[in-house]
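# Report on the structure
Read off the chains here:
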Amino acid sequence: QVQLVESGGGLVQAGGSLRLSCAGSGRTLSSYTMAWFRQAPGKEREFVAGIVDINTYYADSVKGRFTISRDNAKNTLYLHMNNLKPEETAVYYCAATYAGNLRLRSDYRFWGQGTQVTVSS
């Protein structure tokens, strides 16, 4: 099975950018459908972006601002986030699954520990 470790979170001002990384070990990430989710305090964990083979998918709220990608040589998943908003303050998680509904949290078998993103106004 795969182990996932996120990094790259931090404090950024509204309108700023961050790049999150999710390093995989144990298995190659290209074997999986991968996604980023986020969870704000008191809210449900929600889908942000996903990648299946070379196809990418986004939540409507982040389209045009966020980009999901993966580097198979580095076995790493990325999330580039631009024009961040204060309401996007959350813990961001990467997740992997063999198959299932890309946007459904419960279909993901493997999760990282999360990385905190805080967007100040």
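Rules of the game
Residues numbered from 1 in each chain as written. Predicted model: local features only at pLDDT ≥ 70, side-chain atom pairs only at ≥ 80, totals over all residues. Heavy atoms only, no water. Disulfide = S-S within 2.5 Å. Helix = DSSP H or I, 4+ residues; strand = E, 2+ residues; numbered from the N terminus. Buried < 20%, exposed > 50% of the residue type's maximum accessible area, 1.4 Å probe, protein only. Contact = heavy atoms within 4.5 Å. Phe/Tyr/Trp six-rings, centres within 6.5 Å; stacked < 30°, edge-to-face > 60°. Lys NZ or Arg CZ within 6 Å of the ring centre and 35° of its normal. Salt bridge = Lys/Arg side-chain N within 4 Å of Asp/Glu carboxyl O.

### Topic: the state of the cysteines
Counted by the stated rule, this structure contains one disulfide. Shown here is the disulfide that connects cysteine 22 with cysteine 94, its sulfur atoms set 2.0 Å apart. With the S-S bond torsion at 50°, the cross-link from cysteine 22 to cysteine 94 turns out right-handed. Taken together, the residues span a long stretch of sequence, with cysteine 22 in strand S3 (residues 18–25) and cysteine 94 in strand S9 (residues 90–97) at a distance of 72 residues.

### Some thoughts on the environment of serine 120
Here serine 120 lies in strand S11 (residues 115–120). We classify serine 120 as partly exposed; its relative accessible area is 26%. When the C-alpha atoms of serine 120 and glycine 15 are compared, they prove to be 9.4 Å apart, with 105 residues separating the residues in sequence. Setting aside chain neighbours within four positions, we find serine 120 in contact with Leu11, Val12, Gln13, Ala14 and Pro86.

### Digging into the environment of alanine 35
Topologically, alanine 35 is positioned in strand S4 (residues 33–39). For alanine 35, a relative accessible area of 0% gives the class buried. Separated by 20 residues in the primary sequence, alanine 35 and asparagine 55 place their C-alpha atoms 12 Å from one another. Those residues in contact with alanine 35 that lie beyond four places of it in its chain are Phe47, Ala49, Gly50, Ile68, Leu77, Tyr93, Cys94, Ala95 and Tyr108.

### Brief notes about the packing of aromatic side chains
Under the defined criterion, the tally for this structure stands at eight aromatic pairs. The interplanar angle of 80° and the centroid separation of 5.8 Å between the aromatic rings of phenylalanine 37 and phenylalanine 47 together place this pair among those described as edge-to-face. Here phenylalanine 37 is found in strand S4, whereas its partner phenylalanine 47 is found in strand S5 (residues 46–52), with ten residues between them in sequence. With a relative accessible area of 10%, phenylalanine 47 lands in the buried category. Cluster of aromatic residues (ring-pair linked, three or more members): Phe37, Phe47, Tyr93, Tyr108 and Trp111. Here arginine 45 stacks its cationic end above the ring of tryptophan 111, 4.9 Å away from the centre of that ring.

### Section: the pattern of salt bridges
Per the counting criterion, the structure on display carries five salt bridges. Residue glutamate 88 pairs with arginine 38 through a salt bridge whose shortest N-O separation is 3.3 Å. Residue glutamate 88 is found in the loop between strand S8 (76–81) and S9, and its partner arginine 38 is found in strand S4; the two are separated by 50 residues along the sequence. In terms of burial, glutamate 88 and arginine 38 fall into one category: buried. We note a salt bridge from glutamate 88 to arginine 65, for which the minimum N-O separation is 2.5 Å. Note that glutamate 88 is positioned in the loop between S8 and S9 and arginine 65 in the loop between strand S6 (55–58) and strand S7 (66–71), a separation of 23 residues in sequence. Like arginine 65, glutamate 88 is buried. Shared partners join several salt bridges into a network, and the residues in it are Arg38, Glu46, Arg65 and Glu88.

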